[in-house]
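Per-entry structural report
Now for the letters of each chain:
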Amino acid sequence: MPERIVVPFGPQHPVLPEPIHLDLVLEDELVVDVVPSIGYIHRGLEQLVQKREFTEYVYVAERICGICSFMHAVAYCQGVEQIMGLEVPDRARYLRTIWSEYSRLHSHLLWLGLFADGMGFENLFMRSWQLRESVLDVLEDTTGGRVIQGTCKVGGVRRDIGQEKLDEIHRGLDSFEQQCLDLGDVFLNDETVKYRLQRLGIVGKDEAYALGAVGPTARASGVPVDIRETGYAAYGDLGFKPVVETAGDCYARCAVRVKEVYASIDLIRRAIDGIPEGPLDVKVKGTPDGEYFSRVEQPRGEVIHYLRGDGTKHLARARIRTPTLANIPMLVKMLPGAQLADVPVVVLSIDPCISCTER
Amino acid sequence: MTVNEEQTTISVALEDLLREVEALHADGYRLVQIGCTDIGGAYEINYSFDKDYRFKNLRLMVGPDIEVPSISGIYWGAFVYENETHDLFGIPVTGINIDFKGTFIKSGEKFPFSVTRSGGDRCRNA
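As the structure is a prediction and not an experimental result, all values here were calculated from the model.

**What to know about the overall build of chain B**
Counting its regular elements, chain B contains two helices and six strands. Starting at the N terminus, the α and β elements of chain B follow one another as β-α-β-β-β-β-α-β. Put simply, 50% of the contacts in chain B that link residues at least 6 apart link residues at least 24 apart. Looking at chain B as shown, the accessible area adds up to about 5,600 Å², and 51% of this sits on carbon and sulfur atoms.

Spelled out as structure tokens, the structure:
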């Protein structure tokens, strides 16, 4: 009978420079149990809603996370708009979709690089981040910000993208797509990568659904849940279908993200083709009085901004349920059975965002 | 409106909570979140569920000293939300499958959102 020992993983670890702590219960090199711990950088941003006017809180929502930034702003604005009965102009809906998908590209390429780094594949890491740079260049070019865009506001968006720039982005997508296909080919078909990822950290469809998993983590286990299917922003016009894999292992989670990169490029292309002319925002009058659970599909999965207004300029409550929090039970289930050396890869496979979790 | 999602909210009594959650589980709903709101001296706890993008919300109203039964026996992953509810609001949740006993979210101030915390809440608006 092997002796059981507890090995602490984190809160700081080279593969995950964000403060999550895992107590790994090991029998020799085999993980048999795991106890997660968070809260090292809890910032109390939810309570800040009572000190900022509801229009100002967009800036706080954007700063919950540097990667899902734009989509936090969309979720928040969408919630306030729903409470106040505001109809966002069509052009603003399309621009929100374009920037959301660029944010997804930015996040997925960042993750693919980190994942390659976690596997010890330095060249693949650098190639992924090189491609991510071109995504950040487009975001900077169209919004002024590489990480925090600051373009989403209650009632619409602050900035437009001119037709000339849209055409330039559209043309640039062809070569960008080819580079992503080349990169994806390594992640999906390289034998070393497959050997490292397949049959590792397996969670089946029923278990993933029962655990409340979201995003690529759920879709890699065959659960076809993607909030973009509800048709928010312009997704209802673009005919979106989620990417689903069924193996439920680390390879499947990687494959979903690779294929979502291709899907995002396609969505951006169709959004540019279909973007209508018109105003960018509507005038916001009055104050929010009511409540709404606003749902948006972030790169890591479904995020929820529960907002409650009491008729004053401050909201009474903002409660933000981020995808990483929903995926922690999955992580606890997928680690037992893995070798200690595989723990970084398994942890990274849910794409943990502690910044979002510690809002 | 930017979205056209119907959201149903049903009020539940404390003694009916587990039965209602069990019914949703049997009907194939997934647990989306559990969130708490301070409503001035008491708490409102929202249990949110989803099935095929149909959003249902069970709403429980409790006083500050009332113990709330855990639903982690029905939805295993509920432990993250229930530990969070306890650690931020100080609400006693009984029978959680993985009970961190106040160490899941290590906030600088114990139970920062509690309505009964001594010394008042310095973060609130005057």
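**Points about the UniProt feature "binding site: Fe cation" (unreviewed entry) in chain A**
Residue and element names in this part refer to chain A. Under the UniProt annotation, the feature "binding site: Fe cation" (unreviewed entry) is placed at Cys 68 and Cys 356. Of the residues just listed, which span 289 residues, no C-alpha pair is farther apart than 8.1 Å, and they cluster in one region. Of note, Cys 68 is situated in the loop between helix 1 (57-62) and helix 2 (69-84). Not counting residues within four places of it along the chain, the set of residues in contact with Cys 68 comprises Gln 298, Arg 300 and Cys 356. Inspection of the secondary structure puts Cys 356 in helix 13 (residues 354-357). Among all residues touching Cys 356, those that are not within four sequence positions of it are Ile 64, Cys 65, Cys 68, His 72 and Thr 322.

**Digging into the interface of chain A and chain B**
Each partner contributes residues to the interface: chain A has 51 residues there, and chain B has 44 residues. Regarding the contact of chain A and chain B, the summed buried area is about 4,100 Å², with carbon and sulfur atoms giving 52% of it. Here chain A and chain B share six salt bridges between them. Asp 50 of chain B serves as the salt-bridge partner of Arg 295 of chain A, at 2.8 Å between the closest nitrogen and oxygen. Inspection of the chain A/chain B interface yields 17 residue pairs in polar contact (both at pLDDT 80 or more). When contributions to the side of chain A that touches chain B are tallied by element, the ones reaching two or more residues are strand 3 (30-37), helix 2, helix 7 (205-210), strand 6 (289-298), strand 7 (301-310), strand 8 (315-321) and helix 11 (323-334) of chain A.

**Focus on the environment of Asp 16 of chain B**
One can find Asp 16 of chain B in the loop between strand 1 (7-12) and helix 1 (17-26). We classify Asp 16 of chain B as partly exposed; its relative accessible area is 23%.

**Details of the UniProt feature "domain: NADH:ubiquinone oxidoreductase 30kDa subunit" (unreviewed entry) in chain B**
Here, the residues flagged by UniProt with the feature "domain: NADH:ubiquinone oxidoreductase 30kDa subunit" (unreviewed entry) are residues 11-95 of chain B. Strand forms 39% of residues 11-95 of chain B and helix 25%; the C-alpha atoms that close the span are 22 Å apart.

**Thoughts on the pairing of strand 3 (residues 43-51) of chain B**
Consecutive residues of a regular strand have side chains that alternate between opposite faces of the sheet. All names here are of chain B. Strand 3 sits mainly inside the fold: nine of its nine residues count as buried. Judged by which residues are buried, strand 3 turns out to be covered on both faces: Tyr 43, Ile 45, Tyr 47, Phe 49 and Lys 51 on one side and Glu 44, Asn 46, Ser 48 and Asp 50 on the other are all buried. Summarising the sheet, strand 2 (residues 30-38) and strand 3 pair through eight bridges and their orientation is antiparallel. Along strand 3, the bridge assignment pairs Cys 36 with Ile 45. Connecting strand 2 to the next strand, strand 3, in antiparallel fashion are four residues, including Gly 40 with a positive phi near 80°. Here strand 3 folds back onto strand 4 (residues 54-62) in antiparallel fashion, the turn holding two residues, of which Asp 52 has a positive phi close to 50°.

About the criteria used
- Residues numbered from 1 in each chain as written.
- Chains lettered and ligands numbered in written order.
- Predicted model: local features only at pLDDT ≥ 70, side-chain atom pairs only at ≥ 80, totals over all residues.
- Heavy atoms only, no water.
- Helix = DSSP H or I, 4+ residues; strand = E, 2+ residues; numbered from the N terminus.
- Contact = heavy atoms within 4.5 Å.
- Areas by Shrake-Rupley, 256 points an atom, 1.4 Å probe, with all protein chains shown as cover.
- UniProt positions renumbered as here; feature names shortened; annotations may be inferred.
- Buried area = accessible area lost by both parts, 1.4 Å probe.
- Salt bridge = Lys/Arg side-chain N within 4 Å of Asp/Glu carboxyl O.
- Polar contact = N/O pair within 3.5 Å; in protein donor to acceptor, adjacent residues only side chain to side chain.
- Buried < 20%, exposed > 50% of the residue type's maximum accessible area, 1.4 Å probe, protein only.
- Pairing = 2+ DSSP bridges.

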